[in-house]
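# Architecture and fold: a report
The chain contents come next:
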There are 2 protein chains.
Amino acid sequence: MKFKIQHTDVLTSARAGEMETAHGNIYTPIFMPVGTQGTVKGVHQHELREIIKAQIILGNTYHLYLRPGTDILQKAGGLHKFMNWDGPLLTDSGGYQVYSLKGMRKITDDGVKFQSHIDGSKHFFSPETVMDIQRIIGADIIMAFDECTPYPCEYAYAKNSMFMTHRWLSRCIYKFDNSDSLYDYEQSFSPIVQGSTFRDLRKESAEFIASQEQEMNAIGGLSVGEPHNDMYAMTELVCSILPKDKPRYLMGVGLPENILESIALGIDMFDCVLPSRNARHGVLYTKEGIINIKNAKWKEDLTPIDINSTAPTSRIHTKAYLRHLFKVEELLAGQIATLHNLSFFLWLVTESRQKIIEGTFYQWKNDMVKSVSQRL
Amino acid sequence: MKFKIQHTDVLTSARAGEMETAHGNIYTPIFMPVGTQGTVKGVHQHELREIIKAQIILGNTYHLYLRPGTDILQKAGGLHKFMNWDGPLLTDSGGYQVYSLKGMRKITDDGVKFQSHIDGSKHFFSPETVMDIQRIIGADIIMAFDECTPYPCEYAYAKNSMFMTHRWLSRCIYKFDNSDSLYDYEQSFSPIVQGSTFRDLRKESAEFIASQEQEMNAIGGLSVGEPHNDMYAMTELVCSILPKDKPRYLMGVGLPENILESIALGIDMFDCVLPSRNARHGVLYTKEGIINIKNAKWKEDLTPIDINSTAPTSRIHTKAYLRHLFKVEELLAGQIATLHNLSFFLWLVTESRQKIIEGTFYQWKNDMVKSVSQRL
């Protein structure tokens, strides 16, 4: 993977860059829509390309491993072909999902024994098996197997967990370096910084991850319930240590204002289920603020959902119509709302990039942070 | 509404025609996708036009009356504008839905008192109120308020019900003729033949309906559980009586083979929830037969869903992928399957029309009836 920084902001640490992957280039900063089970919920693949303008999407190793399973994914020639998405693809390591299976998983230094949330069947994820699975899924970018600590987290637990994540990282890198892509393109690997909200741990983890000299670097364990200021402080600290010339991915973040502030701190890549999940519950993000479309105030509002949206469905349909679709629980409600939110998140990062290049990011970002978080 | 028969088949009673409505022309025979609550479930309006090639869609008066309600529909300028569908639109009268509310409705000669299936609130539909509601919804074609008899049905009940439907029809016509469109286009009205599966009643009803000399005519009360041969016999009988130069609409039919056989009997218009509802349960219709995509046999089938489909999503995606989407209960499953089935039904009627014009309908229809009903 090649990464080129095209412009660095003067007033903030924001950067505009370009990543080259086997399935196309990505212009950063970028947001990755989440396609958990081989589909971004409610969105056709051609809509990802043509309407949302997604440049890269994310798949979940844990879910894909369980269903459809690695046999059929390998037979199909990887997830790109299985789901018919020929753009860049990133898979997480399953660490976060496995970690979330409270009471159904046991973490040891070897790896994680867990039971499927579907049928209770028993499975084992280790740094090695997770590399193997991600080789089969065949994403352009694959992630290290880590433990994502909760918030709040005891210092001792966070420290031990961080060291285990580092040991797992060494095994991931060894396995990755000593295996080949199963398909006719190369994959890239990203390690993950952990350390909860403790400055010394985050510093130590960032230094360890930086020393591995991988093609890109990620920050995990944030956006798990900590105050936003802690998220920003940890992100700033870690960004000051991670190499400047490699892409930086802040995992699982977040709200529009989180994305804007984190771009200012030097983050290049984001993913979050929030825009798509909240869309399915009628929460819409716009430049002017947040709309809960189920609210009675929109009942007779025959103005467009969002006249500024890059999604035609949000310009054509009215708030009253979308509210009706939600009230009668129609599938089209989630479809229109998902196109809306993901289009907005992609607009937000694309516009950030433009403002960085134009040198007007700082003021625009400050105005936008205020505006996007208002309740309409 | 103008209707022109362009070609009549020699070996069957099939016709190829053209209807002019205020929102565009319809080439018959035609199938109308059902958009119960102001949306064809899981389908964007532009997909109705561009992928499914729908020429006219159907809305349900009962559902639209309850939600979003007539106030907002009128404020929006009718259902076309509310839902952003600028093509032809037909609304049923609500008779079938109200009739289905067993134990929650009382039918008298005045009309039907019923309780909402949503909140139990009390309402009253009469020939007059239903004309008023359909004036507000503003469909291009609106239907008479009738009673749809069940199958099986006692002769005496069917006869009394038919007479009531005829009395209601006279009131509908009076109300329709003495009211105006609320919008800047004209609406057309269709009476409905009833009479269950009794030849003498169907004959009497068809003669009464024909004598009303309305712009088109519909056949109701079939496809309610009676044997297919009864459906065809009643359809043939009624078609022999209804005027040849007016469109004939067989309500609620049906399976692909029912549609083909009924076209051969002289039917021009169809609607049915079957292709869209079955799609959401993984039942796909193709030229070669019926696919239950949830079946284990498709698990590793990496061939296209249907290489002959007019829907790009059915040519691009594999059976294994669509099966996976159904197994993990993803929204995209229903979306892809609905586009598939509705595209197939529109293909079926469009191809029928072409074969009628070419003079090869009879043999093609016989071959197709065998093929489409096979289980794959």
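Treat the numbers as computed from the prediction; the structure is a model and nothing was measured.

So, about the overall build of chain A. Of the regular secondary structure elements, chain A holds 15 helices and 17 strands. What you see for chain A is a C-alpha radius of gyration of 20 Å, in line with the 21 Å of a compact globule of 376 residues. With 376 residues in all, chain A has 55% of them scored as buried. Sequence-distant contacts in chain A: of pairs separated by 6 or more residues, those separated by 24 or more amount to 70%.

Looking now at the pairing of strand β8 (residues 112–115) of chain B. For a regular strand, side-chain orientation follows a simple rule: the groups alternate between the two sheet faces. Residue and element names in this part refer to chain B. Of the two faces of β8, only the one carrying V112 and F114 is buried; K113 and Q115 on the other face are not. Bridge analysis of strand β7 (residues 105–107) against β8 gives 3 bridges, and the strand direction is antiparallel. From the neighbouring strand, I107 faces β8, where its bridge partner is V112. Following β7, the chain reverses through 4 residues before pairing antiparallel with β8. When β8 meets strand β9 (residues 122–125), the two strands line up antiparallel, connected through 4 bridges. Of the residues in β9, the one forming a bridge with V112 is F125.

Moving on to the domain arrangement of chain A. One frequently used descriptor of interface size is the decrease in accessible area upon assembly of the parts. Residues and elements named next belong to chain A. For chain A, the assigned domains are domain 1 (2–272) and domain 2 (273–376). With centres defined by C-alpha atoms, the gap from domain 1 to domain 2 works out at 26 Å. The interface is formed by 34 residues belonging to domain 1 together with 30 residues belonging to domain 2. Those elements giving two or more residues to the side of domain 1 that touches domain 2 turn out to be β2 (15–21), β3 (24–28), β4 (30–32), α1 (45–52) and α10 (256–264). The dominant element in the side of domain 1 that touches domain 2, judged by the number of residues it contributes, is α10, at 7 residues. Looking at the side of domain 1 that touches domain 2, its residues break down into 22 nonpolar, 5 polar and 7 charged.

In this section: the interface of chain B and chain A. Between chain B and chain A, the contact holds 31 residues from the first and 31 residues from the second. Mapped by element, the contributors of at least two residues to the side of chain B that touches chain A are α3 (70–76), α4 (79–83), α12 (312–316), α13 (319–327) and α14 (331–358) of chain B. Sort the elements by how many residues they give to the side of chain B that touches chain A and α13(B) lands first, with 5 residues. Taken together, the residues of the side of chain B that touches chain A break down into 13 nonpolar, 11 polar and 7 charged.

Residues and elements named next belong to chain B. Among the 9 residues that make up helix α10 (residues 256–264), 8 are buried, leaving the element largely enclosed by the rest of the structure. Taken as a whole, α10 has its buried residues at P256, N258, I259, L260, E261, S262, I263 and A264. In the segment just after α10, G266 is the residue with positive phi, at about 110 degrees.

Glancing now at the sheet that holds strand β15 (residues 269–271) of chain A. Residue and element names in this part refer to chain A. The strand order across the open sheet formed by 5 strands is β4-β15-β14-β13-β12, and the pairing between neighbours is parallel. The strands lining the two open edges of the sheet, one partner per strand, are β4 and β12 (192–193). Where β4 meets β15, 3 bridges bridge the pair, whose relative direction is parallel. Considered in β15, the bridge of F31 is made with F270.

Moving on: the environment of E204(A). Examined against the element boundaries, E204(A) turns out to sit in helix α8 (residues 199–211). Placed 10 residues apart in sequence, E204(A) and Q194(A) show a C-alpha to C-alpha distance of 9.3 Å.

Our focus in this paragraph is the packing of α10(B) against α14(B). Residues and elements named next belong to chain B. With their axes 11 Å apart at the nearest point, α10 and α14 run at an angle of 25 degrees to one another. Between α10 and α14, the interaxial angle falls into the category roughly parallel. The handedness of the crossing between α10 and α14 comes out as right-handed. On α14, the residues touching P256, I259, L260 and I263 of α10 are L348, V349 and S352. The residue inventory of the contact of α10 with α14, partitioned by class, reads 6 nonpolar, 1 polar and no charged.

With that out of the way, let us pick up the relation of the copies chain B and chain A. The two copies are related by a screw motion: chain B maps onto chain A through a turn of 180 degrees and a shift of 0.0 Å along the axis, at an RMSD of 0.0 Å. Such a combination of rotation and displacement between the chain copies is what one expects of a two-fold axis. Identified as the residue of chain B closest to the rotation axis by C-alpha distance is L331(B), at 3.9 Å. Take the interface residues of chain B: 100% of them recur as interface residues in chain A, which is what a same-surface contact looks like.

Residue and element names in this part refer to chain A. A cis amide bond, omega 0 degrees, links T28 with the succeeding residue P29. By the element assignment, P29 lies in the loop between β3 and β4. In this model, R67 is joined to P68 through a cis peptide bond whose omega is 10 degrees. Relative to the elements of secondary structure, P68 occurs in the loop between α2 (61–66) and α3 (70–76). A positive phi is found at S223, a non-glycine position, where the angle reads about 60 degrees. Along the chain, S223 falls in the loop between β13 (217–219) and α9 (228–241).

Calculation criteria
Residues numbered from 1 in each chain as written. Chains lettered and ligands numbered in written order. Predicted model: local features only at pLDDT ≥ 70, side-chain atom pairs only at ≥ 80, totals over all residues. Helix = DSSP H or I, 4+ residues; strand = E, 2+ residues; numbered from the N terminus. Rg over C-alpha atoms; globule rule 2.2 N^0.38 Å. Buried ≥ 20, exposed ≤ 12 C-beta atoms within 10 Å, placed from the backbone. Contact = placed C-beta atoms within 7 Å. Pairing = 2+ DSSP bridges. Domains from an automatic or database assignment. Nonpolar A, V, L, I, M, F, W, Y, C, P; charged D, E, K, R; others polar. Axes fitted to C-alpha atoms, helices over the stretch in contact; angles between N-to-C directions. Parallel < 35°, antiparallel > 145°, perpendicular 65-115°, else oblique. Left-handed = near helix turned anticlockwise from the far one by under 90°. Least-squares fit on C-alpha atoms with pLDDT ≥ 70 in both.

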